[in-house]
Amino acid sequence: MASATVDADDTLEPSLQNLIDQKSLRWIFVGGKGGVGKTTTSCSLAIQMAKARKSVLLISTDPAHNLSDAFSQKFGKDARLVEGFSNLSAMEIDPNGSINDLIASGGDEAQDAMAQMGGMGGMMQDLAFSIPGVDEAMSFAEVLKQVKSLSYEVIIFDTAPTGHTLRFLQFPTVLEKALAKVSQLSTQFGPMLNSVIGARGGLPGGQSLDDLIQKMEALRETIGEVNTQFKNPDMTTFVCVCIAEFLSLYETERMIQELASYEIDTHCIVVNQLLFPKKSNHCEQCNARRKMQMKYLDQIEELYDEFNVVKMPLLVEEVRGKEKLESFSEMLVHPYVPPE
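The following paragraphs examine the structure supplied in this document. (Residues numbered from 1 in each chain as written. Predicted model: local features only at pLDDT ≥ 70, side-chain atom pairs only at ≥ 80, totals over all residues. Heavy atoms only, no water.)

Concerning the sheet that holds strand β2 (residues 56-60)
How we decide: Criterion used throughout: strands pair if DSSP finds at least two bridges between them. Where helices and strands are cited, they refer to DSSP runs of H or I of at least four residues and of E of at least two residues respectively, numbered from the N terminus. Contacts were defined at the residue level, with two residues in contact if any of their heavy atoms lie within 4.5 Å. Helix axes are fitted to C-alpha atoms over the stretch in contact, other axes to C-alpha atoms as well, and angles between N-to-C directions run from 0 to 180 degrees.
Strand order in the open sheet formed by eight strands is β3-β4-β2-β5-β1-β6-β7-β8, with mixed pairing between adjacent strands. Looking at which strands have only one partner, the edges of the open sheet turn out to be β3 (80-81) and β8 (308-313). As defined by bridge partners, strand β1 (residues 27-31) adjoins strand β5 (residues 154-158) across four bridges and the pair is classed as parallel. Looking at β5, one finds that Ile-28 is bridged to Ile-156. Each of β6 (236-243), β7 (268-274) and β8 touches helix α12 (residues 284-303); the most contacted strand, β7, lies at about 175° to it. Strand contacts of helix α13 (residues 322-333): β7 and β8, with the helix running at about 145° to β8, the strand carrying the most contacts.

Some thoughts on the packing of aromatic side chains
Going by this rule: Pairing of aromatic side chains here covers Phe, Tyr and the six-membered ring of Trp, requires ring centres within 6.5 Å, and sorts the geometry by plane angle: under 30 degrees stacked, over 60 edge-to-face, intermediate tilted. Relative accessibility decides the category of a residue: with a 1.4 Å probe and only protein chains considered, values under 20% of the type maximum give buried, values over 50% give exposed, and everything between is partly exposed. Put simply, a charge is over a ring when the Lys NZ or the Arg CZ is close to the ring centre, within 6 Å, and near the line of the ring normal, within 35 degrees.
Overall, the coordinates contain nine aromatic pairs when judged by the stated rule. Residues Phe-71 and Phe-75 carry aromatic rings whose centres are separated by 6.2 Å and whose planes lie at 85° to one another, so their mutual orientation is edge-to-face. Here Phe-71 matches Phe-75 in class, with each residue buried. Note on Phe-276 and Tyr-336: the rings are 5.1 Å apart at their centroids and 50° apart in plane angle, and the pair reads as tilted. Pair noted here: Phe-276 is in the loop between β7 and α12 and Tyr-336 is in the segment after α13, with a separation of 60 residues, a long-range link. Look at Phe-276 and you get buried, because its relative accessible area is 19%. According to the relative accessible area criterion, Tyr-336 is buried, its value standing at 12%. Site record: aromatic cluster; members linked through ring pairs are Trp-27, Phe-29, Phe-157, Phe-230 and Phe-238. In this structure, Arg-26 is placed above the aromatic ring of Trp-27, and the distance from its NZ or CZ to the ring centre is 5.1 Å.

Quick notes on the pairing of β7
Looking along a regular strand, one sees the side chains alternate between the two faces of the sheet. Threshold: Viewed with both strands pointing away, a crossover whose connecting path from the first strand over the helix to the second turns clockwise is right-handed.
The buried fraction of β7 is high, at six of seven residues. Judged from the five bridges that link them, β6 and β7 form a sheet pairing that is parallel. Bridge pairing in β7 links Val-241 to Val-270. Traced from β6 through helix α11 (residues 246-261) to β7, the parallel crossover comes out right-handed.

Digging into the side chain of Gln-73
Mapped onto the secondary structure, Gln-73 falls in the loop between α3 (67-71) and β3. Classification of Gln-73 by relative accessible area gives buried; the value is 9%. Setting aside residues up to four positions removed in sequence, Gln-73 forms contacts with Ser-68, Arg-80, Leu-81, Val-82 and Glu-83.

Concerning a negative patch on the surface
Basically, it comes down to this: Patch rule: a residue counts if its relative accessible area is over 30% and it has no salt bridge; like charges are joined within 9 Å, and nonpolar side chains (Val, Leu, Ile, Met, Phe, Trp, Tyr) within 5 Å. Reported accessibility uses the Shrake-Rupley method at a 1.4 Å probe radius. Residues are deemed covered only where the shown protein chains occlude them. Salt bridge, as used here, is a side-chain nitrogen of Lys or Arg placed within 4 Å of a carboxyl oxygen of Asp or Glu. Positive: Lys, Arg. Negative: Asp, Glu. His and the chain ends are not part of the count. Where a charge sits is defined by one atom per residue type, namely NZ (Lys), CZ (Arg), CG (Asp) or CD (Glu).
The grouping of Asp-298, Glu-302, Asp-305 and Glu-306 at the surface amounts to a negative patch. If you trace the backbone, Asp-305 turns up in the loop between α12 and β8. With relative accessibility at 57%, the residue Asp-305 sits in the exposed group.

Thoughts on α13
Just so we agree on the cut-off: One less than the number of residues in a helix, times 1.5 Å, gives the span that helix is expected to have.
Its twelve residues give α13 an end-to-end C-alpha distance of 17 Å, which sits within 8% of 16 Å, the value for a rise of 1.5 Å per residue. Those residues of α13 that fall on the buried side of the exposure criterion are Leu-325, Phe-328, Ser-329, Met-331, Leu-332 and Val-333. Contact partners of the buried residues in α13: α1 (17-21), α2 (38-52), α3, β7 and β8.

In C-alpha cells, the structure reads:
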C-alpha cells in the first residue's frame with residue numbers, strides 16, 4: 001500500500017514522528033483493548049525508534065505474548081537481539097512470577113532463602129500475593145533487574161489489555177504495600193525467623209534476614225526513582241491503540257482519564273484497521289463499515305484535538321515478519337494516503 005509524507009504545514013500531527021524526535025524519551029508504553037493491534041504497533045514503533053537511537057529494548061508484559069509471533073523469532077525472559085537488527089532487542093516477561101522477584105537482584109539466593117524459611121516464607125508469599133496487582137508489580141521488578149544490568153536508550157512496553165496495564169502502572173504503590181507487609185512480618189517474627197534460619201545453617205552466602213530486608217528496601221528506592229521518571233513527560237509517554245468502534249473508543253477514554261490521574265503523559269493515539277474503500281467500490285458491507293468508522297473517527301478527532309492521531313489502514317495480509325513490520329512501521333511516521 002502506498003504512503004506519503006504530509007506537507008510541511010501539517011508538520012507531523014498525524015504521525016508518531018514526534019516520539020522519534022524526542023531525544024529525552026526513555027519509557028514508552030503501548031496499550032489498549034485486546035485485539036486492536038498493540039503488538040504490531042509496538043513492534044513497528046520499536047523498528048522506527050531503532051533508526052534514531054543507539055539501543056532499543058522491546059518488552060512484552062502481556063501474558064499472551066505475541067512478540068515471538070510478530071517477528072517470527074522466539075523470545076524469552078532474557079533480552080535477545082531481534083534478527084536483522086544490531087540495536088533492537090526484545091524480551092517477554094511472565095507476569096506470574098513469585099514473591100522472590102521482589103526480594104533479590106539474584107533470584108537463586110532469594111529462592112533458597114524462602115526455602116530455608118519454610119512455612120513462614122510461604123506465609124509471607126501468600127500475604128504478598130493477596131494484594132491486588134502484585135503480579136504486575138513483580139513483573140516490573142523483573143524488568144528492573146534486566147534494565148539495570150543492561151543499558152538501553154529507550155524501553156518500549158507492549159502491554160496487556162487495559163485493566164492489567166493500568167494496574168501495572170500503579171506498581172510503585174502496590175509494591176510498597178507488599179514490602180511494608182513483609183517488613184511488618186519480619187519485625188513481628190524476626191527473632192523467631194532468625195533462630196530458625198540459624199538452626200538450619202543460615203542463609204546462602206552468609207546472609208541474614210536483615211540483609212534480605214535491606215535488598216527489598218533498595219528495590220523500593222529504585223522503584224521510587226523509576227516512578228519519578230514515569231511522571232516526567234520528557235522521559236515517559238503512553239501510546240493508546242484503538243479501533244474505530246464504540247467499545248474501543250470508550251476504553252481508550254477511560255484509559256486516558258486514568259493515565260492523567262497517575263500523572264503519566266499521553267498525547268498519541270493510533271487508530272488501527274481503518275477501511276479506505278475506493279469511490280468506485282460497490283461493496284455494501286465495506287461502505288457501511290467505513291461510514292461507521294468515520295463516525296467514531298470524527299469523535300476521536302473531536303475529543304483528542306490536541307493528540308497526534310495516526311490512522312492506519314486495514315491490510316489484506318497479516319503483519320508478521322521483519323519485512324512486513326518494517327513496511328507497516330513506515331505508516332506510523334509517514335501518514336497513509338488512500339487510493340482514489
